[in-house]
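# Fold and geometry: a report
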Amino acid sequence: MTALPPPIDHATRYRQHLQACGYAPKPASAWDARATQPGWKRRHDDYSDAFLARLDLDGVDSVLDVGCGPGLLSLPIAARVRQVHALDYSRGMLDGLRAAIARAGVGNIQPWQLSWEDDWSAVPRCDVAIASRSLMVPDLAQALAKLDAHARRRACITFATGPRTGAGELAALLRRTWAPMPDHRYPVNLLLDMGRLPRVDYLPVPAPAADKDVADLLQQAEAMFGELTATERQSLCDWHAASPDNRLGPAPTCRWAFIWWETAG
Ligand SMILES: C[S@@+](CC[C@H](N)C(=O)[O-])C[C@H]1O[C@@H](n2cnc3c(N)ncnc32)[C@H](O)[C@@H]1O
């Protein structure tokens with residue numbers, strides 16, 4: 001018999017993984033402009049349908065939506081419960097949420113401009129707390145503990161299962177060093193470490209919308225890898241022209257894991 005290996009410190013491993021990816025936390029201002037991008041809701045309808053189909057709101061009175069954005073989920077949830085508390089650190093996102101609230105004439109969503117790291121003691125605990133696509137934070141263990149502590153019954157998150165299809169191929173083509181960001185195995189393990197029993201489901205992968213023209217592909221590559229050199233731009237243009245398959249570029253988003261657990265009450 002050999003000795004058991006030492007236990008894995010998932011919180012530290014997550015931080016090391018982020019470091020290896022060259023991750024830097026985004027300021028709230030980086031999200032401000034995104035709220036006003038046209039078609040945000042239309043582009044994300046399949047995602048929200050898949051999320052809401054899995055969210056159990058039976059007998060639920062109140063929901064906390066952390067990293068709510070312009071309210072893709074807060075609004076439909078508000079139609080099914082008495083009160084929603086919608087929290088985001090981006091003023092632009094909350095302006096988008098307020099506009100959506102006014103358009104829909106909804107009276108039961110309370111916006112809070114706060115970050116994962118701020119003091120949430122003024123925000124009431126809710127029956128259910130959710131964090132949809134909003135957990136790329138420097139301290140994941142702390143964020144999960146915070147979400148858990150603010151939920152009387154259940155908490156629910158979505159977390160990427162891996163990079164978008166095609167992202168690795170693009171990195172290889174451009175000869176960029178690239179490490180995929182941490183995936184859903186981290187929150188699953190951290191929740192087990194917290195004594196919770198996470199249940200995992202997987203949302204369908206969104207189909208690529210249509211052929212991308214080369215300008216779209218260049219823009220997508222710059223969003224992923226930063227500014228491209230003239231040589232890199234040329235090799236991307238050649239690649240785009242080489243096959244109809246390449247015209248789709250990387251998937252518009254990744255596959256999301258839907259993870260929920262019962263909290264301590
Ligand atoms: C991809 S959007 C998701 C919005 C919405 N939950 C959804 O699924 O459509 C991520 C949101 O998380 C918010 N966010 C990111 N980091 C945050 C942080 N540290 N504290 C609070 N909100 C944050 C952003 O402002 C943005 O609105």
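It should be emphasised that the depicted structure is a prediction, and the values quoted were computed from it without experimental measurement.

### A short note on the overall build of the protein
In terms of regular secondary structure, the protein is built from 10 helices and 7 strands. Taken across its 265 residues, the protein has 44% of its residues classed as buried. Sequence-distant contacts in the protein: of pairs separated by 6 or more residues, those separated by 24 or more amount to 75%. Accessible area of the protein: about 13,900 Å², with a carbon and sulfur share of 54%. Side chains of the protein carry 29 positive and 30 negative charges; the gap between the two charge centres is 2 Å.

### Notes on the state of the cysteines
A covalent bond between the sulfur atoms of two cysteines is what we call a disulfide. Counted according to the given criterion, the structure contains 0 disulfides. Cysteine Cys 126 shares no disulfide, and the gap to the nearest cysteine sulfur, in Cys 68, comes to 12 Å. Of all cysteine sulfurs in the structure, the one in Cys 126 sits closest to Cys 156, which takes part in no disulfide; the separation is 14 Å.

### Concerning the packing of aromatic side chains
In this description, a pair of aromatic rings is defined by centroid distance and the angle of the planes. The full count for this structure, using the stated rule, is 5 aromatic pairs. Note on Tyr 14 and Tyr 186: the rings are 5.7 Å apart at their centroids and 70° apart in plane angle, and the pair reads as edge-to-face. Residue Tyr 14 is located in helix H1 (residues 10-20), and its partner Tyr 186 is located in helix H8 (residues 185-193); the two are separated by 172 residues in the primary sequence. Considering the side-chain rings of Tyr 47 and Phe 51, the 6.2 Å spacing of their centres and the 40° angle between planes classify their relative orientation as tilted. With Tyr 47 and Phe 51 both in helix H3 (residues 40-54) and 4 residues apart, this pair spans about one turn of that helix. One aromatic cluster is present, built from ring pairs that chain together Tyr 47, Phe 51, Trp 256 and Phe 258. Above the ring of Trp 31, the side-chain terminus of Lys 26 is found at 4.2 Å from the ring centroid. Between Arg 133 and the ring centre of Tyr 47, over which it is positioned, the NZ or CZ distance is 3.7 Å.

### Some words on the pairing of strand S7 (residues 256-262)
Along S7, 5 of the 7 residues are buried, which leaves the element largely enclosed by surrounding structure. Summarising the sheet, strand S5 (residues 151-160) and S7 pair through 7 bridges and their orientation is antiparallel. Across the sheet, residue Arg 154 finds its bridge partner in S7, namely Glu 262.

### A look at the site of the ligand
Lining the immediate surroundings of the ligand are 18 residues, of which Gly 67, Asp 88, Trp 116, Ser 132 and Arg 133 lie closest. A distance of 3.4 Å is found between a nitrogen atom of the ligand and a side-chain nitrogen or oxygen belonging to Tyr 89. Contact between the ligand and Arg 133: an oxygen atom at 2.9 Å from a side-chain N or O atom of the residue. With the chains in place, 93% of the 600 Å² that the ligand exposes on its own is no longer accessible. Its residues assigned to classes, the shell around the ligand comprises 9 nonpolar, 6 polar and 3 charged.

### Details of helix H6 (residues 140-149)
Because each turn of an α-helix spans 3.6 residues, side chains separated by three or four positions end up pointing in the same direction. Within H6, burial applies to Leu 140, Ala 143, Leu 144, Leu 147 and Asp 148. Along the axis of H6, the buried positions cluster into a sector of 135°, meaning they face one direction only. Each element contacted by the buried residues of H6 is listed here: H1, strand S1 (62-66), strand S4 (126-132), S5, H8 and S7. Two or three places before Ala 141, at the start of H6, stands the capping residue Asp 139, its side-chain oxygen 3.4 Å from that residue's backbone nitrogen.

### Things to note about unusual backbone geometry
Despite not being glycine, Arg 133 shows a phi value in the positive range, around 55°. With respect to the element layout, Arg 133 can be found in the loop between S4 and H6. Relative accessible area serves as the criterion here: at 24%, Arg 133 is assigned to the partly exposed category. Positive phi outside glycine occurs at Arg 175, with the angle close to 55°. You can see Arg 175 is positioned in the loop between helix H7 (167-173) and H8. Arg 175 sits in the exposed class, given a relative accessible area of 77%.

### Quick word on the UniProt feature "domain: Methyltransferase" (unreviewed entry) in the protein
The feature "domain: Methyltransferase" (unreviewed entry), as annotated in UniProt, sits at residues 63-149 in this numbering. Structurally, residues 63-149 comprises 33% helix and 25% strand, and the distance from its first C-alpha atom to its last is 13 Å.

### Description of the packing of helix H9 (residues 214-225) against helix H10 (residues 230-242)
At a minimum axis separation of 10 Å, H9 and H10 run at an interaxial angle of 130°. Relative to H10, the element H9 is oriented oblique. The handedness of the crossing between H9 and H10 comes out as right-handed. Across from Val 214, Leu 217, Leu 218, Ala 221 and Glu 222 in H9, the residues of H10 making contact are Arg 233, Leu 236, Cys 237, Trp 239 and His 240. The class makeup of the residues in the contact of H9 with H10 is 7 nonpolar, 1 polar and 2 charged.

The rules we used
Residues numbered from 1 in each chain as written. Predicted model: local features only at pLDDT ≥ 70, side-chain atom pairs only at ≥ 80, totals over all residues. Heavy atoms only, no water. Helix = DSSP H or I, 4+ residues; strand = E, 2+ residues; numbered from the N terminus. Buried < 20%, exposed > 50% of the residue type's maximum accessible area, 1.4 Å probe, protein only. Contact = heavy atoms within 4.5 Å. Areas by Shrake-Rupley, 256 points an atom, 1.4 Å probe, with all protein chains shown as cover. Lys, Arg positive; Asp, Glu negative; His and termini not counted. Charge placed at Lys NZ, Arg CZ, Asp CG, Glu CD. Disulfide = S-S within 2.5 Å. Phe/Tyr/Trp six-rings, centres within 6.5 Å; stacked < 30°, edge-to-face > 60°. Lys NZ or Arg CZ within 6 Å of the ring centre and 35° of its normal. Pairing = 2+ DSSP bridges. Near = heavy atom within 4 Å. Polar contact = N/O pair within 3.5 Å; in protein donor to acceptor, adjacent residues only side chain to side chain. Nonpolar A, V, L, I, M, F, W, Y, C, P; charged D, E, K, R; others polar. Arc of directions from axis to C-beta. UniProt positions renumbered as here; feature names shortened; annotations may be inferred. Axes fitted to C-alpha atoms, helices over the stretch in contact; angles between N-to-C directions. Parallel < 35°, antiparallel > 145°, perpendicular 65-115°, else oblique. Left-handed = near helix turned anticlockwise from the far one by under 90°.

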